[in-house]
Amino acid sequence: MTTHSNFYDETTDVELDLVQGDDSGDSLTGHDDDTAYDSELSPELSTDGLELEERQALRRVVGMSTELTDISEVEYRKLLLERVLLVGVWTEGSAEDAENSLAELKLLAETAGSEVLDGVIQRRKKPDPATFIGSGKVADLRNLVASLGADTVIADGELAPAQLRNLEDKLKVKVVDRTALILDIFAQHAKSKEGKAQVELAQLQYMKQRLRGWGGNLSRQAGGRVGAAGGGIGGRGPGETKIETDRRRINTKISKLRRELKGMKGTRSTMRQERRRHAIPSVAIAGYTNAGKSSLLNKITGAGVLVENALFATLDPTTRRTTTSDGRVYTFTDTVGFVRHLPHDIVEAFRSTLEEVADADLLLHVVDGSHADPFAQIQAVREVLSEIGASDVPEIIVINKADLADPMALAPILHREPRAIVVSARTGEGIDKLKALVEASLPQPDVALDLLLPYERGDLVSRIHSEGSVDQLEHTADGTRVTARVHGDLAGDLTPYQVATAQ
């Protein structure tokens, strides 16, 4: 069976490196008025400062196809999966950065349940405001879609409503942007009531500005004789169009979801306040999706959280209690994974969940050590942390997957990040060192006490161990002599047993 990876070797009808315009007379770069001016310049550079060859070509990214060769598996997948073509615009950074971004889009598409046929990149100074890649390249992309048999095009960026409409009109297939793809993955993986409500809220906020229909469908006016002035049931009278009705219903649904999430937020806030009342330190685990956050939580606490080699496998936060080596209780909270260009609607909808990170005493920032560009992951996560007000939380960089990573590739991270540690959640390498570092970084109780507790008050000794920090403990004939540091509430209960200091 001939796979699509040989398409460019066997097909001569579609040339991606054409230097002539399409039938409409537009240049292939989408800059209609630049052709004459460019011809007067040197062959290397264009008016935008970009190499002419790069501006006039869709750069093909090798290794995008996920087509299978096993016959039974191929037939099964073709019944279920959309066949997609990826397209990106390279505006800044290196070619490797652009290809890494498209490779991540490929993983997102596969996670959503799609078969990726190919991926191309257009070099531009900025995305075209009308068609994202320029009118000339749209014609090339249309030929490529027809040749590959794709039924969906996924753009590596957030498309404006006009760009989405223009691309669908010209390509004659469904067009999806990166934001819609991530929202679809979140919708598939949300399990709890709160998670489903958060995802639905984000989807409705995204959809509200992108309502569209066939022909004049959304411009139809309500009819019927029921209701005020014949506006139909639920209508506002003659003249109200379908798009206005749909948008009003979406706004009503958004308001309902926000009320529900507000109630759920109250429950989560009560749980956090209870932990604060008992002065239980909290550690939040955050990081890029599929960096191994859930695996790390399982390794440290035995939480039993779902672990899967997929993007956004777990969305619902999980909090587990654990203890330090001297018996002090603290909590670990696993949060939703981040990704570059995480949709703003997702951040807003999951804000109540992400507040677990902002309110934490310590942040474990998990990084995939085997990733091709770990620094880009760190930057993307820190952008989201800044957006939710968690940039001031003390941070430890945890470089996971040490068993798969190249030690030479980890050296720059360790050099740049002073509080970084290398671990492997799968093999257990470095986990003990991580636990020791976490314990040393937890906030210490601020009240120092010297106590003599009767033996019948073993409950207080237990509380000191779990809620405070024991410096010295000695069993005497009169009772248990304890030197410890505790928080204010516990100090009030222990005051009657405090040893008087000699004057």
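Above this text is the structure in question.
Residues numbered from 1 in each chain as written. Predicted model: local features only at pLDDT ≥ 70, side-chain atom pairs only at ≥ 80, totals over all residues. Heavy atoms only, no water.

A look at the packing of helix H11 (residues 293-301) against helix H16 (residues 431-441)
Running from amino to carboxyl end, H11 crosses H16 at an angle of 80 degrees, the nearest separation of the two axes being 11 Å. In terms of axis orientation, H11 runs roughly perpendicular to H16. Seen from H11, the contacting residues are Leu296, Lys299 and Ile300; seen from H16, they are Ile431, Leu434 and Lys435. Tallied by class, the residues present in the contact of H11 with H16 amount to four nonpolar, no polar and two charged. (Axes fitted to C-alpha atoms, helices over the stretch in contact; angles between N-to-C directions. Helix = DSSP H or I, 4+ residues; strand = E, 2+ residues; numbered from the N terminus. Parallel < 35°, antiparallel > 145°, perpendicular 65-115°, else oblique. Contact = heavy atoms within 4.5 Å. Nonpolar A, V, L, I, M, F, W, Y, C, P; charged D, E, K, R; others polar.)

Some words on the layout of surface pockets
As a volume, the largest pocket reaches approximately 780 Å³. Every residue lining the largest pocket is counted, 30 residues in all, and those nearest its centre are Thr91, Glu92, Ser101, Arg340 and His341. Broken down by secondary-structure element, the contributors of at least two residues to the lining of the largest pocket are strand E2 (82-90), helix H5 (95-112), helix H8 (178-189), helix H12 (344-349) and helix H14 (374-387). Sorting elements by how many residues they give to the lining of the largest pocket places H14 first, with six residues. Among the residues forming the lining of the largest pocket, the class breakdown is twelve nonpolar, nine polar and nine charged. Each of domain 1 (83-188) and domain 3 (279-441) accounts for three or more of the residues forming the lining of the largest pocket. (1 Å grid on protein atoms, 1.4 Å probe; cavity = no way out; pocket = protein on both sides within 12 Å on 5 of 7 lines; lining within 4 Å. Points joined across faces, edges and corners; volume = space filled by probe spheres on them. Domains from an automatic or database assignment.)

Remarks on the packing of H14 against helix H15 (residues 407-416)
Interhelical geometry of H14 versus H15 gives an angle of 40 degrees and a closest axis separation of 10 Å. In terms of orientation, H14 lies oblique with respect to H15. Residues Pro374, Phe375 and Ile378 of H14 touch H15, and the partners they reach there are Pro412, Ile413 and Arg416. Across the contact of H14 with H15, the residue classes tally to five nonpolar, no polar and one charged.

A closer look at the sheet that holds strand E12 (residues 447-453)
Spatial ordering of the open sheet is given by E12-E14-E13, a layout of three strands whose pairing is antiparallel. In this open sheet, the two strands that pair with only one neighbour each are E12 and strand E13 (469-475). Pairs of neighbouring strands in the sheet enclose a mean axial angle of 10 degrees, with direction left out of account. In terms of strand pairing, E13 meets strand E14 (residues 480-486) through six bridges, oriented antiparallel. Across the sheet, His475 pairs through a bridge with Thr480, a residue of E14. Lying over the sheet, helix H17 (residues 458-467) contacts E12, E13 and E14, oriented at roughly 145 degrees with respect to E13. (Pairing = 2+ DSSP bridges.)

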